Amino acid sequence: MGWVKVGLVMAMAVVVMSMGRVVVVDAEDPYRFFDWTVSYGLIYPLGFPQRGILINGQFPGPNIYSVTNDNLIINVHNDLDEPFLLSWNGVQMRKNSYQDGVYGTTCPIPPGKNFTYVFQVKDQIGSFFYFPSLGLHKAAGGFGGLRILSRPLIPVPFPDPSGDLTLLIGDWFKRDHKTLKGIVDRGHKLPLPDALLINGKGHNGSECLMVERGKTYRLRISNVGLQHSLNLRIQGHKLKLVEVEGTHTIQSTYSSLDVHVGQSYSVLVTMDQPDHLDYHIVVSTRFSTKPLTVTATLRYSNSRGGPSEPLPPGPPTDVDWSIEQARSIRTNLTASGPRPNPQGSYHYGRVNISRTIVLESTAGQLNGKQRYAINGVSFVEADTPIKLADYFKIGVFRVGNIPDTPRGGRGAMRQETAVMGADHRAFVEIVFQNREKIIQSYHLDGYSFWVVGMDRGRWTPERRGEYNLWDAVSRCTIQVYPKSWTAMYVALDNVGMWNLRSQSWGRRYLGQQFYVRVHSPVRNEYRLRNEYPLPPNALLCGRADKSSRLSLH
């Protein structure tokens, strides 16, 4: 893997892509090239051999380093024996949902073939990750960190750290990903994970971070697992939160931090303890019927011994503690974001809501098999990616087949390729209502949203009086506590087809997702202002394959 930064100032650059066609890329900003090979290989996260998904021979995959507005050109060679896709958790893909890397927008890369993702990290900063989005590939690896640094002229609200480290935490299975897929395909729930990993290692203390006393380090923490909420703490050290999924936060200090499935955080940790010892980094499950714990080692350069005992205790087990921590995470209104203006200059709390959407999950048996649904609709993939079907006017889905509010009995559900229509530039309130006894986590591709409220019980319009309309954090993945609700505001300013999904991967695979079609009815000559055209190197599959050949030439 490598990248090349091109400093030539020119209006446009022409890049030849993998299928022999030509793509025009904006080169006023730098662009970085990555060449990745995805393959199977033996990995030993739990001390015995397992089949893992490697990227350039690495597990976890290589980190992506970029700067605001960089153009990323990532050529992915699929050496697996099955189709493969990568998605970019938190990258907004401005006007470019064709590059999103989920099956609803992008054809899978066939075995033995390659595809080149071309996208710009436009007006973004922060900590994110990438992951494989097909089947249960995520249970075998293929994930890695993705960071977007601020441009040099944009001030960051804390001194440069002495080091910038990635911590990928998540749950893990002893069983192969194809075995797990077979279990859910036969109509069963995804089993509980067997272990936890830190940077791909599951033996206590096997992952080691080297530090020096008196220095401050930035840790970028992402929960890349399949279903467990996790808590992270460092023995004897405090975590100063500074950024959440692209938003600089008020710099609150925590003894431990809950990181729910699919979420990313940045913390500063000052090495202010005696340097003759090692210290435990502890990750443990939250709200789980099968508690799991794993440790890594924080090692000072002068350390003469192993970590001291005992392990630092975890936080209280009650949900209220976690809710209060989540409410305390707020935007730093005096800090610049990716642009040289304060993040708080856009007063989301003063914008009139044009639509309220209430989303409620359900779980149950459908035709004798386990399924999950949102508002009674359990998603099934069409035979053609629905973004391509929309482009070529192929009738594989129907806009508006998922309601804005829950309907029918709690156990009632149907299977359909669910697509919710939405107007470009609408300002929408979305409420996630969780009537189940488990914690849930949801993500919306293409967007960040303001988390304005959360609490136990049922949401009603009167709960708006509790909303934070001043400095709510803006992020892309949010948790919903058991028997609770979470509300968010989102400005639909990014045209495209965007996946709204459960981040609990077994639930998503079995139907707990849908797509939001953000549409702008402008004339063709103005459409490029709102959305990029179908890429000339787009892979074609399903019914789009035959119908699109003439259209692309």
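Just so you know, these numbers come straight off a predicted model, no measurement behind them.

Help me get a handle on the pattern of salt bridges, residues and values and all.
Two side chains with opposite charge may pair up if their charged atoms get near one another. Within the structure shown, the criterion is met by 31 salt bridges. A salt bridge links Lys215 to Glu212, with the shortest nitrogen-to-oxygen separation between them at 3.3 Å. On the basis of relative accessibility, which here comes to 37%, the residue Glu212 falls in the partly exposed class. Put simply, Asp404 and Arg355 hold a salt bridge, and the shortest N to O gap is 2.8 Å. Taken together, the positions of Asp404 in the loop between strand 26 (398-399) and strand 27 (414-416) and Arg355 in strand 23 (residues 355-366) put the pair 49 residues apart, joining distant regions of the chain. In this structure Arg355 comes out as partly exposed when scored by relative accessible area, which is 22%. Bridged by salt links that share partners, the residues Glu324, Arg327, Asp455, Arg463 and Glu466 form one connected network.

An account of the side chain of Gln99 is requested, with residue identities and associated values reported.
With respect to the helices and strands, Gln99 occurs in the loop between strand 7 (86-89) and strand 8 (114-120). Taking the relative accessible area as the measure of exposure, Gln99 reaches 2% and is therefore buried.

Mind laying out the sheet that holds strand 22 (residues 293-300), listing which residues take part and the relevant values?
Within the open sheet, the 5 strands sit side by side as 13-22-21-15-19. Their pairing is mixed. The open sheet terminates on both sides in strands that have one partner only, identified here as strand 13 (208-211) and strand 19 (256-259). Adjacent strand axes in the sheet meet at a mean angle of 20 degrees when their direction is disregarded. Pairing of strand 13 with strand 22 involves 4 bridges; the strand directions are parallel. The residue bridging Cys208 from the neighbouring strand is Thr297, located in strand 22. Each of strand 19 and strand 21 (278-286) touches helix 2 (residues 319-328); the most contacted strand, strand 19, lies at about 90 degrees to it.

Tell me what's going on with the packing of aromatic side chains, and back it up with residues and numbers.
Counted according to the given criterion, the structure contains 23 aromatic pairs. Taking 5.5 Å as the distance between ring centres and 50 degrees as the angle between the ring planes, the aromatic pair formed by Phe59 and Trp172 counts as tilted. In this pair, Phe59 is assigned in the loop between strand 4 (50-55) and strand 5 (64-67) and Trp172 in strand 11 (residues 163-172), connecting sequence segments 113 residues apart. For the pair Phe59 and Trp172, one class covers both residues: buried. Where Trp88 meets Tyr117, the ring centres are 5.1 Å apart and the plane angle is 80 degrees; that geometry is what we call edge-to-face. Placement of the pair is Trp88 in strand 7 and Tyr117 in strand 8, with a sequence separation of 29 residues. Accessibility classification places Trp88 together with Tyr117 in one group, the buried group. The structure contains a cluster of three or more aromatic residues connected by ring pairs, namely Phe34, Trp36, Trp88, Phe115, Tyr117, Phe119 and Tyr130. When the ring centre of Tyr40 is taken as origin, the NZ or CZ atom of Arg51, which lies over that ring, is 4.5 Å away. One cation-aromatic arrangement involves Lys138 over Phe131; the distance from NZ or CZ to the ring centre is 5.1 Å.

If you had to explain the sheet that holds strand 26 to someone new, which residues and values would you point to?
Pairing in this open sheet of 6 strands is mixed, and the strands run 26-28-36-35-30-33 from one edge to the other. Each having just a single partner strand, strand 26 and strand 33 (477-480) make up the two edges of the open sheet. Summarising the sheet, strand 26 and strand 28 (residues 418-423) pair through 2 bridges and their orientation is parallel. Bridge assignment links Arg398 to a residue of strand 28, and that residue is Ala418.

Any chance you could break down the pairing of strand 15 (residues 229-234) for me, citing the residues and the numbers?
If a strand is regular, its side chains alternate between the two faces of the sheet. With respect to burial, strand 15 is a largely interior element, 6 of its 6 residues being buried. In strand 15, alternate side chains face the same way, and those of Ser229, Asn231 and Arg233 on one face and Leu230, Leu232 and Ile234 on the other are all buried. As paired elements, strand 15 and strand 21 share 6 bridges and run antiparallel to each other. Its bridge partner lying in strand 21, Ser229 is registered against Arg286. Inspection of the sheet shows strand 15 paired to strand 19 by 4 bridges, in the antiparallel sense. Within the sheet, the bridge partner assigned to Arg233 lies in strand 19 and is Ser256.

Tell me about the state of the cysteines, and name the residues and values.
Taken as a whole and assessed by the stated rule, the structure comprises 1 disulfide. A sulfur-sulfur distance of 2.1 Å marks the disulfide that ties Cys107 to Cys541. Its torsion about the S-S bond being -90 degrees, the disulfide of Cys107 and Cys541 is classed as left-handed. With Cys107 in the loop between strand 7 and strand 8 and Cys541 in the loop between strand 36 (513-519) and helix 5 (543-548), this residue pair connects regions lying 434 residues apart in the sequence. Its relative accessible area of 2% is what places Cys107 among the buried residues.

Can you explain the environment of Ala389? Please cite residues and give values.
With respect to the element layout, Ala389 can be found in helix 3 (residues 386-392). Distance from Ala389 to Ile374, taken between C-alpha atoms, is 23 Å for residues 15 residues apart in sequence. When neighbours within four sequence positions are excluded, Ala389 is seen to be in contact with Thr384, Ile394, Val396 and Phe397.

Kindly report on empty space enclosed by the protein, identifying the contributing residues and their values.
One pass over the structure, following the stated rule, counts 6 cavities of 30 Å³ or more. Roughly 90 Å³ of volume is contained in the largest cavity. In terms of lining, the largest cavity is formed by 14 residues, of which the most central are Ile357, Ala422, Ile430, Leu492 and Val516. Those elements that provide at least two residues to the lining of the largest cavity are strand 23, strand 28, strand 29 (427-434) and strand 36. When residues in the lining of the largest cavity are grouped by element, the largest group, 3 residues, is from strand 36.

Tell me about the pairing of strand 22, and name the residues and values.
Across the 8 residues that make up strand 22, a large majority, 6, are buried. Taken together, the 7 bridges between strand 21 and strand 22 define a ladder with antiparallel strand orientation. Each bridged residue has a counterpart across the sheet, and for His280 the counterpart in strand 22 is Thr297.

Here is what the cut-offs are and how they apply
Residues numbered from 1 in each chain as written. Predicted model: local features only at pLDDT ≥ 70, side-chain atom pairs only at ≥ 80, totals over all residues. Heavy atoms only, no water. Salt bridge = Lys/Arg side-chain N within 4 Å of Asp/Glu carboxyl O. Buried < 20%, exposed > 50% of the residue type's maximum accessible area, 1.4 Å probe, protein only. Helix = DSSP H or I, 4+ residues; strand = E, 2+ residues; numbered from the N terminus. Pairing = 2+ DSSP bridges. Axes fitted to C-alpha atoms, helices over the stretch in contact; angles between N-to-C directions. Contact = heavy atoms within 4.5 Å. Phe/Tyr/Trp six-rings, centres within 6.5 Å; stacked < 30°, edge-to-face > 60°. Lys NZ or Arg CZ within 6 Å of the ring centre and 35° of its normal. Disulfide = S-S within 2.5 Å. 1 Å grid on protein atoms, 1.4 Å probe; cavity = no way out; pocket = protein on both sides within 12 Å on 5 of 7 lines; lining within 4 Å. Points joined across faces, edges and corners; volume = space filled by probe spheres on them.

The values reported here are purely geometric and, on their own, carry no functional implication.
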